[in-house]
Amino acid sequence: GTTTAAIDGGDVDSESTVTVSAKADQLVTVFTLGGAGADKFALGGSASSNVAGGTVEARITGGSTDVDAKGAVAVTATDDTGLEAIAGGVAFAKNKGSLASIGAAVVNNDVHRTVRAKIEGAQVDGSQVDVTATSKPSITAGAVGGALADKFALGGSVALNKIANTVDAHISGNADVTVTGGVTVRAMELDSDRERPFLLQDLGIDVVDQAGILAFAGGIGIGVSGAGVGAAVATNQVDSSLTAYVD
C-alpha cells in the first residue's frame, strides 16, 4: 500500500512550525507447520513466502506552493515494517523396518519498501528545514525440519531473507528554501540495536545504512538402524539504496 502526507499547491502560513509527516508501522507474523506419520514412508513439510512492498512518502511540492513558518519546517517519512515467519516440517515412519521419512521446511522473506521525503519546486521559509526519510526494516525467520525412520531419515530446512528498500530524502526541482538556521537532509535505514552513522555534517546531509535480520535454520534426521541426515541453509541479503541530496 501507499502512505502519503503532502502539501501540493497553495499557501501555508504558520506562526509556529509546519510538519508534514507520513508513517507506516506494520508487523506480519506467519506460522506454518506440516507433519506426517506412517508405517513405511512419511513426508512432512511446510513453506512460507512473505513479501512486504509499498511506499511511504512525505512531500512539499509544486511551483505554486508557498510555505512560510516562524518556526521549523519538517518533512518526514518513516517506515517500520517487520516480518516474522516460522516454518516447521516433521515426519515419522514409526515401524521397525520402515523405509524412509523426510521432514522439510522453507521460509522466504522479502522486504522492498520505498520511503521518500522531499521538497520539490516549492518555496519554503522557516527557522530551519529538516527533510528526513527513515526505514526500520526487520526480519525474524526460523525453519526447522525433522525426521525419524528405521532405515533412512532426512530433516532439512531453508531460510531465505532479503531487504532491498529504497530510502530517499532530497530538495530539488528549483525549490526555494530560505532559513535563518540550518537545513538538514537525511536518509536512514536503522536497526534499533546498532548505530553506525556516516555523516556529511558540513552539508547537513546524513546517510545512515543499517538493517536487522535474525534467522535460524535447523535440520534433524534420525535413522534408527540406518542413515540419518540433517541439513540447514540460511541466507541473508541487505541490498538497500539510500540517497540524500540537494540539487
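In this text the structure is predicted, and so the values were computed from the model without any measurement.

Colleague: Got a sec to walk through the overall build of the protein? Specific residues and values, please.
Modeller: On a plain count of helices and strands, the protein comes out with 0 helices and 17 strands. Scaling as 2.2 N^0.38, a compact globule of 247 residues should have a C-alpha radius of gyration of about 18 Å, whereas the protein reaches 25 Å, well beyond that. Expressed as lengths along the three principal axes of its C-alpha atoms, the size of the protein is roughly 85 × 30 × 25 Å. Taken over 247 residues, the protein has a buried fraction of 42%. Residue pairs in contact within the protein that sit at least 24 positions apart in sequence constitute 79% of those at least 6 positions apart. Working note: accessible area of the protein is about 11400 Å², and carbon and sulfur atoms make up 51% of it. On the protein, the mean spot of the 15 positive side-chain charges and the mean spot of the 28 negative ones are 17 Å from each other.

Colleague: Any details on a negative patch on the surface? Residues and values, ideally.
Modeller: Taken together, the side chains of Asp11, Asp13, Glu15 and Asp68 make up a negatively charged region of the molecular surface. Relative to the assigned elements, aspartate 11 resides in strand β1 (residues 2–14). Given the relative accessible area of 61%, aspartate 11 is considered exposed.

Colleague: Provide a residue-level description of the environment of valine 56, including the pertinent values.
Modeller: Note that valine 56 resides in strand β3 (residues 41–69). Distance in space between the C-alpha atoms of valine 56 and valine 238 is 19 Å, their sequence separation being 182 residues. Valine 56 has contacts with Thr3, Ala22, Lys23, Ala24, Ala77, Thr78, Asp79, Arg113, Thr114, Val115 and Arg116, leaving out every residue within four places of it along the chain.

Rules behind the numbers
- Residues numbered from 1 in each chain as written.
- Predicted model: local features only at pLDDT ≥ 70, side-chain atom pairs only at ≥ 80, totals over all residues.
- Heavy atoms only, no water.
- Helix = DSSP H or I, 4+ residues; strand = E, 2+ residues; numbered from the N terminus.
- Rg over C-alpha atoms; globule rule 2.2 N^0.38 Å.
- Buried < 20%, exposed > 50% of the residue type's maximum accessible area, 1.4 Å probe, protein only.
- Contact = heavy atoms within 4.5 Å.
- Areas by Shrake-Rupley, 256 points an atom, 1.4 Å probe, with all protein chains shown as cover.
- Lys, Arg positive; Asp, Glu negative; His and termini not counted.
- Charge placed at Lys NZ, Arg CZ, Asp CG, Glu CD.
- Patch = residues over 30% accessible without salt bridge, like charges linked within 9 Å, V, L, I, M, F, W, Y side chains within 5 Å.
- Salt bridge = Lys/Arg side-chain N within 4 Å of Asp/Glu carboxyl O.

By themselves, these observations are geometric and do not establish any function.
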